[in-house]
Amino acid sequence: MFNPRDIIETLANNVRQTTSPFGIPKFMVNKWHKDVNLPEEGEYMLITGLMYQFTPFIEKSTQYLEKYEGTKMASLLKYAKYMPGYLSGIGLAMMTSGKEKKNAGQALKDIAFLLKKSKVDFGYRPDLDNYSGILLYDMGDQKGFVAHAKKVAKKLKDAGVKKIITVDPHTAYAIKELFPKYTGISFEVKSYFELLDFESKDLGLEVTIHDPCFFGRYLKLSDIPRKVLGNLGITEFKIRNQGEFTSCCGGPAESISPSLSNEIMEKRVEELKEPGKPIIAYCPICLGNLKKSGAKVEDLSTILARHI
Amino acid sequence: MSTINLDFAEELKEYSGDTALECFNCGTCAAICPLVHDNFPRRMIRYVQVGAREKILENSDELWRCLHCGLCTHTCPREADPGEIILGLKRFVVANWRRS
Ligand code: SF4
Ligand code: SF4
């Protein structure tokens, strides 16, 4: 286990200096939209919160943390906070392969495609699409979170945004529940799958679903992806810990203790693999973490884009 | 022996809800928590109840093992909100570091 104080101060410092917890400049992280022709305005504004885009960098930094956990090197982490955020972030960006970065963007392209197919009127503006600060909130850096969230919320409000589409559970929770409480600014927030509307099909497929904690318990939205899949004839093989009683994938412990995170992930993967069906996740953190086990896990957007 | 701080509940109000007193120590949260670790989070809730401020600070690293997954809060029979108490304790410890 790393010293939480070193990790938190490094993340907080990065967010303060660069608005990204990993210190990677936004133009290097957020590229997916360049290949997609999206309008700048619409009834809704698509806000990805950059979580899908961060996953390859999280994976890379976890590989390093994993190597040093429990060694003398772990204590050197405290010096990371003296390194300018951009500098450490660009280093991390350079160590992460282009293929992985491209894969992470594919889910977002699929989501944009699904929304278009469902005739949702939405726009996208990269300048308004910022990280929500949720990791600072989860880590207990309340001051850092509130300062960051206020800036993000104000920018959206000043641009006249009222309705937002989010794509991951952490950003959805931040904007829907935490922003009104801690920034005083509220938006109408929908998760992309709440707006999908396709022609019915009878695919006759069966899958196992891993619900992320924030969609299953905190936001109570886990029945909606099931309806969307059901409409295409994709049914769920029910496992014991699902929906409101889902089990965590272990992802949130990645930066503090990669070994603890792996232990929890492996237990969860056993449960998910048991029925022998394809596994569907709908959170970039869960997806990245569960995939580490070598299990075949797909994002909800991927299976939907393939079959509609 | 650790000292008991009677003003601790008051101090914590800045960081967390005051649901800890609802807890009757049934242990459901510790049984269901994916960490399966040394009576966590129940032990921490107990420290809050009895005002064992120093014990929390001594064992503070443990708080960051919590995934904030919410399973304990969801299953607590007394609505003591153990997951949010742990988050509140993280905030308390961070503020404490930054003051020191
Ligand atoms: S489940 Fe609730 S009442 Fe039971 S020990 Fe945990 S916090 Fe206390
Ligand atoms: S929120 Fe934390 S303490 Fe509660 S069950 Fe999840 S990991 Fe355990």
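Residues numbered from 1 in each chain as written. Chains lettered and ligands numbered in written order. Predicted model: local features only at pLDDT ≥ 70, side-chain atom pairs only at ≥ 80, totals over all residues. Heavy atoms only, no water.

A. Molecular detail of the packing of aromatic side chains. Residues and elements named next belong to chain A. According to the stated counting rule, one finds 16 aromatic pairs over all chains in the structure shown. Arranged with centres 6.3 Å apart and planes meeting at 85°, the rings of Phe 145 and Tyr 182 form a pair that is edge-to-face. With Phe 145 in helix H7 (residues 142-158) and Tyr 182 in helix H8 (residues 169-183), this pair connects stretches of sequence that are 37 residues apart. Owing to a relative accessible area of 0%, Phe 145 belongs among the buried residues under this scheme. Among the residues examined, Tyr 182 registers a relative accessible area of 22% and is labelled partly exposed. Joined through ring pairs, the aromatic side chains of Tyr 192, Phe 193, Phe 215 and Tyr 282 make up one cluster. (Phe/Tyr/Trp six-rings, centres within 6.5 Å; stacked < 30°, edge-to-face > 60°. Helix = DSSP H or I, 4+ residues; strand = E, 2+ residues; numbered from the N terminus. Buried < 20%, exposed > 50% of the residue type's maximum accessible area, 1.4 Å probe, protein only.)

B. Quick look at the site of ligand 1. Residues in close proximity to ligand 1 total 13 residues, the closest being Cys 23, Cys 26, Gly 27, Cys 29 and Cys 76 of chain B. Per-class residue counts for the shell around ligand 1 are eight nonpolar, three polar and two charged. (Near = heavy atom within 4 Å. Nonpolar A, V, L, I, M, F, W, Y, C, P; charged D, E, K, R; others polar.)

C. The arrangement of the nonpolar core in detail. By size, the foremost hydrophobic cluster in this structure holds 128 residues, and its most contacted members are Leu 115, Phe 187 and Tyr 192 of chain A. At eight residues, the largest contribution of residues to this core is made by helix H6 (residues 82-99) of chain B. Both domain 1 (4-194) and domain 2 (198-307) of chain A contribute no fewer than three residues apiece to this core. (Core = buried A, V, L, I, M, F, W, Y, C linked by side-chain atoms within 4.5 Å. Domains from an automatic or database assignment.)

D. Highlighting the side chain of Glu 254 of chain A. All names here are of chain A. Structurally, Glu 254 is set in the loop between strand S6 (234-236) and helix H11 (258-273). Glu 254 gets classed as buried once you look at its relative accessible area, which sits at 9%. Within the structure, Glu 254 has its side chain in polar contact with the side chain of Lys 292 (distance 3.5 Å). (Polar contact = N/O pair within 3.5 Å; in protein donor to acceptor, adjacent residues only side chain to side chain.)

E. Representation of the pairing of strand S5 (residues 205-210) of chain A in the model. Residue and element names in this part refer to chain A. Here S5 pairs with S6 via three bridges, running parallel. Bridge pairing links Val 207 to Glu 236 in S6. Relative to strand S7 (residues 279-281), S5 runs parallel, the two being bridged by three bridges. Residue pairing across strands places Thr 208 opposite Ile 279, the latter belonging to S7. (Pairing = 2+ DSSP bridges.)

F. Fine view of the sheet that holds S5 of chain A. Residue and element names in this part refer to chain A. One open sheet holds the four strands; their spatial order is S6-S5-S7-S8, and the pairing between them is parallel. Both edges of this open sheet fall to S6 and strand S8 (297-299), since each of them pairs with a single strand only. Ignoring strand direction, the axes of neighbouring strands in this sheet form an average angle of 45°. (Axes fitted to C-alpha atoms, helices over the stretch in contact; angles between N-to-C directions.)

G. Seen up close, the environment of Gly 243 of chain A. All names here are of chain A. Along the polypeptide, Gly 243 turns up in the loop between S6 and H11. In this structure, the C-alpha to C-alpha distance between Gly 243 and Cys 213, residues 30 residues apart in sequence, is 8.4 Å. Apart from the residues within four sequence positions on either side, Gly 243 is in contact with Asp 211, Gly 216, Ser 222 and Arg 226. (Contact = heavy atoms within 4.5 Å.)

H. View of the site of ligand 2. Neighbouring residues of ligand 2: Cys 33, Pro 34, Phe 40, Pro 41, Cys 66, Leu 67, His 68, Cys 69, Gly 70 and Cys 72 of chain B. A breakdown of the residues in the shell around ligand 2 according to their chemical character gives eight nonpolar, two polar and no charged.

I. Summary view of the pattern of salt bridges. A full pass over the atoms with the stated rule returns 20 salt bridges over all chains. The salt bridge partner of Lys 292 of chain A is Glu 254 of chain A, with a shortest N-O separation of 3.5 Å. On the criterion of sequence distance, the pair formed by Lys 292 of chain A in the loop between helix H12 (284-291) and S8 and Glu 254 of chain A in the loop between S6 and H11 is long-range, its members being 38 residues apart. Notably, a salt bridge pairs Glu 62 of chain B with Arg 43 of chain B, separated by 2.7 Å at the nearest N-O pair. Taken together, the residues Glu 62 of chain B in the loop between helix H4 (53-58) and helix H5 (71-75) and Arg 43 of chain B in helix H3 (residues 42-50) connect sequence positions 19 residues apart. Like Glu 62 of chain B, the residue Arg 43 of chain B is buried in the burial classification. Beyond isolated ion pairs, a larger network of salt bridges with shared partners links Asp 211, Arg 226, Glu 236 and Lys 238 of chain A. (Salt bridge = Lys/Arg side-chain N within 4 Å of Asp/Glu carboxyl O.)

J. Summary view of the pairing of strand S4 (residues 188-191) of chain A. Residues and elements named next belong to chain A. Burial of S4 is one-sided: the residues Val 189 and Ser 191 facing one way are buried, the residues Glu 188 and Lys 190 facing the other way are not. Bridge analysis of strand S3 (residues 163-166) against S4 gives four bridges, and the strand direction is parallel. Within S4, the residue paired with Thr 166 across the bridge is Ser 191. Viewed along the sheet, the connection from S3 through H8 into S4 turns out right-handed. (Right-handed = clockwise from strand over helix to strand, strands pointing away.)

K. Inspection of a negative patch on the surface at higher detail. Residue and element names in this part refer to chain A. Among the surface-exposed residues, Glu 263, Glu 266, Glu 270 and Glu 274 lie close enough to one another that they form a single negatively charged patch. With respect to the secondary-structure elements, Glu 270 resides in helix H11. Accessibility expressed as a relative area gives 52% for Glu 270, which makes it exposed. (Patch = residues over 30% accessible without salt bridge, like charges linked within 9 Å, V, L, I, M, F, W, Y side chains within 5 Å. Areas by Shrake-Rupley, 256 points an atom, 1.4 Å probe, with all protein chains shown as cover. Lys, Arg positive; Asp, Glu negative; His and termini not counted. Charge placed at Lys NZ, Arg CZ, Asp CG, Glu CD.)

L. Region of interest: the interface of chain A and chain B. Facing 30 residues of chain A, the contacting portion of chain B comprises 21 residues. Summed over both sides, the interface between chain A and chain B buries roughly 2,300 Å², with carbon and sulfur atoms accounting for 60% of that surface. Together, Arg 5, Arg 217 and Tyr 218 of chain A form the three largest contributors to the area buried by chain A at its contact with chain B, with a combined 21%. Viewed at the interface, chain B and chain A are joined by two salt bridges. A salt bridge links Arg 98 of chain B to Glu 9 of chain A; the nearest nitrogen and oxygen atoms lie 3.0 Å apart. Seen at the junction of chain A and chain B, the total is twelve residue pairs in polar contact (both at pLDDT 80 or more). Within the residue set of the side of chain A that touches chain B, elements represented by two or more residues are helix H1 (4-18), helix H6 (134-139), helix H9 (213-218) and H11 of chain A. Top element by residues in the side of chain A that touches chain B is H1 of chain A. It accounts for five residues. Its residues assigned to classes, the side of chain A that touches chain B comprises 17 nonpolar, five polar and eight charged. (Buried area = accessible area lost by both parts, 1.4 Å probe.)

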